Amino acid sequence: MSKFRYGVACSLNDVSTTAPIILRGPIEQLCKEAKEIGYDGLEIQLANPRQYDWNHIKTVCNDSGLELIAFATGRELGENGLCLLSDDASVRRASIDRLKEHIDCAQSVGCNVIVGSMRKNIPDWSQREKYWNYHRDAILELSDYAKGSGVRIWVENILSYISNFLNTMRQVQDFVSDLGRDNVGVHLDTYSMNMEDNDILGSIRYCAKNLEYVHFSDTARLYPGGGNVDFKTFLHGLWEVDYKGYITTECVPVPTAYECAKRGFEYMKAMEKIVEIERGASRFQ
């Protein structure tokens, strides 16, 4: 019996191979490949969510025995220029409204919504409070909108070269805790943590109360095991805090999409077993 559930980052259409999205294609192909590898669920990275037939997608996932975990929304920034911190009020409004579309579609399939790189940068730190409030007010509005829908909003830590605030897990935990909303959770990303957090175990413990989702990717956005991230430490931390959510691979599709998904999954399962053995042995020391 596995301690953790595992997901894979996917796209329903073709996107650049530089994007940290592993499997790409129609939902039938995504489900077939993810299921035969052994994954439990799919994360869909998308823009313009209303263009898809979510009833059909949900049916295919259910028939395959796979869960739709979450919609990742960063493509809305890269492809549509939607940003929660824009100085243009019309862009901020369009960004919030688009995220509400994600919430609506997520409700129809029973999954959640990630808010990460769509916040972009605080352009002028002398006006930090103004931009911070833009983001805070946006998440509060989205929280209100999602209330009663079953959709949870997950705030992700992002690398400082992509977004210059909420970079460490402690910062994200403090932000989420201060909101005081029971449908907003913390999303941990190992790629960002590896460069932004100086105490992995301490940071996991710090955000344990609100930790609801995890991304695994190695250095250079490779599959877990393809670089030099210490995933054993991450898994020990998640085990220690009795983490119940998904661990999802979010990587560039190297050497191929299928091989990336397969190697990452096999590495995570093997590392989980090692951590289980080590934690069992520690009881006798």
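So, a few notes on the structure that sits alongside this text. (Residues numbered from 1 in each chain as written. Predicted model: local features only at pLDDT ≥ 70, side-chain atom pairs only at ≥ 80, totals over all residues. Heavy atoms only, no water.)

This part takes up the packing of aromatic side chains. Applying the stated rule across the entire model yields 13 aromatic pairs. Both rings, one in W132 and one in F175, keep their centres 5.6 Å apart while their planes meet at 80°; by these two values the pair is edge-to-face. Highlighted residues: W132 in helix 5 (residues 128-146) and F175 in helix 6 (residues 169-179), separated in sequence by 43 residues. Judged by relative accessible area, which is 4%, F175 ranks as buried. An aromatic cluster of three or more residues is present, and its members are F216, F231, F234 and Y267. Directly above the ring of Y134 sits R92, whose terminal nitrogen or CZ lies 3.7 Å from the centroid. (Phe/Tyr/Trp six-rings, centres within 6.5 Å; stacked < 30°, edge-to-face > 60°. Helix = DSSP H or I, 4+ residues; strand = E, 2+ residues; numbered from the N terminus. Buried < 20%, exposed > 50% of the residue type's maximum accessible area, 1.4 Å probe, protein only. Lys NZ or Arg CZ within 6 Å of the ring centre and 35° of its normal.)

Burial of nonpolar side chains together is a common tendency in soluble globular proteins. Residues L42, I44, W54 and I247 are the most contacted members of the largest nonpolar core, which totals 89 residues. Leave out the neighbours within four places in its chain, and I44 touches C10, L12, L30, W54, L68, A70, F71 and A72. (Core = buried A, V, L, I, M, F, W, Y, C linked by side-chain atoms within 4.5 Å. Contact = heavy atoms within 4.5 Å.)

For the rest of this paragraph, the subject is the environment of E43. Of note, E43 is situated in strand 3 (residues 41-45). In this structure the C-alpha to C-alpha distance between E43 and S11, which are 32 residues apart in sequence, comes to 8.3 Å.

Right, let's talk about the pairing of strand 6 (residues 153-156) for a bit. Where burial is concerned, the two faces of strand 6 agree: the one with I153 and V155 and the one with W154 and E156 are both buried. Relative to strand 6, strand 5 (residues 112-115) is paired through 3 bridges, and the arrangement is parallel. Across the sheet, I114 pairs through a bridge with W154, a residue of strand 6. Crossover strand 5 to strand 6 through helix 5 is right-handed. Following the backbone out of strand 6, through helix 6 and into the adjacent parallel strand 7 (residues 184-189), one traces a crossover that is right-handed. (Pairing = 2+ DSSP bridges. Right-handed = clockwise from strand over helix to strand, strands pointing away.)

For helix 4 (residues 89-109), built from 21 residues, the straight-helix expectation of 30 Å at 1.5 Å per residue is met to within 8% by its first-to-last C-alpha distance of 31 Å. For helix 4, the set of buried residues is R92, S95, I96, R98, L99, K100, H102, I103, C105, A106 and V109. Looking at the buried side of helix 4, the elements it contacts are helix 2 (54-64), strand 4 (67-72), helix 3 (75-80), strand 5, helix 5 and strand 6. Just beyond helix 4, the residue with positive phi is G110, at close to 75°. (Expected span 1.5 Å × (residues − 1).)

In this section: the pattern of salt bridges. All chains considered together, the criterion is met by 23 salt bridges. The closest approach of N and O atoms between D104 and R50, which form a salt bridge, is 2.9 Å. Pair noted here: D104 is in helix 4 and R50 is in the loop between strand 3 and helix 2, with a separation of 54 residues, a long-range link. Salt bridges sharing partners connect three or more residues here, namely R50, E76, R98, E101 and D104. (Salt bridge = Lys/Arg side-chain N within 4 Å of Asp/Glu carboxyl O.)

With that settled, consider the side chain of H236. Locating H236 in the fold gives a position in helix 9 (residues 231-240). Setting aside chain neighbours within four positions, we find H236 in contact with L201, V275, E278 and R279.

Within the secondary structure layout, S160 lies in the loop between strand 6 and helix 6. On the basis of relative accessible area, S160 is assigned to the partly exposed category, the value being 38%. A sequence separation of 36 residues divides S160 from E196, and the C-alpha atoms of the two residues are 7.7 Å apart. Once you skip the residues sitting within four places of it in the chain, S160 turns out to touch N167 and E196.

The subject of this paragraph is the side chain of T248. Here T248 shows up in strand 9 (residues 246-249). A polar atom in the side chain of T248 sits 2.7 Å from the side chain of Y213. (Polar contact = N/O pair within 3.5 Å; in protein donor to acceptor, adjacent residues only side chain to side chain.)

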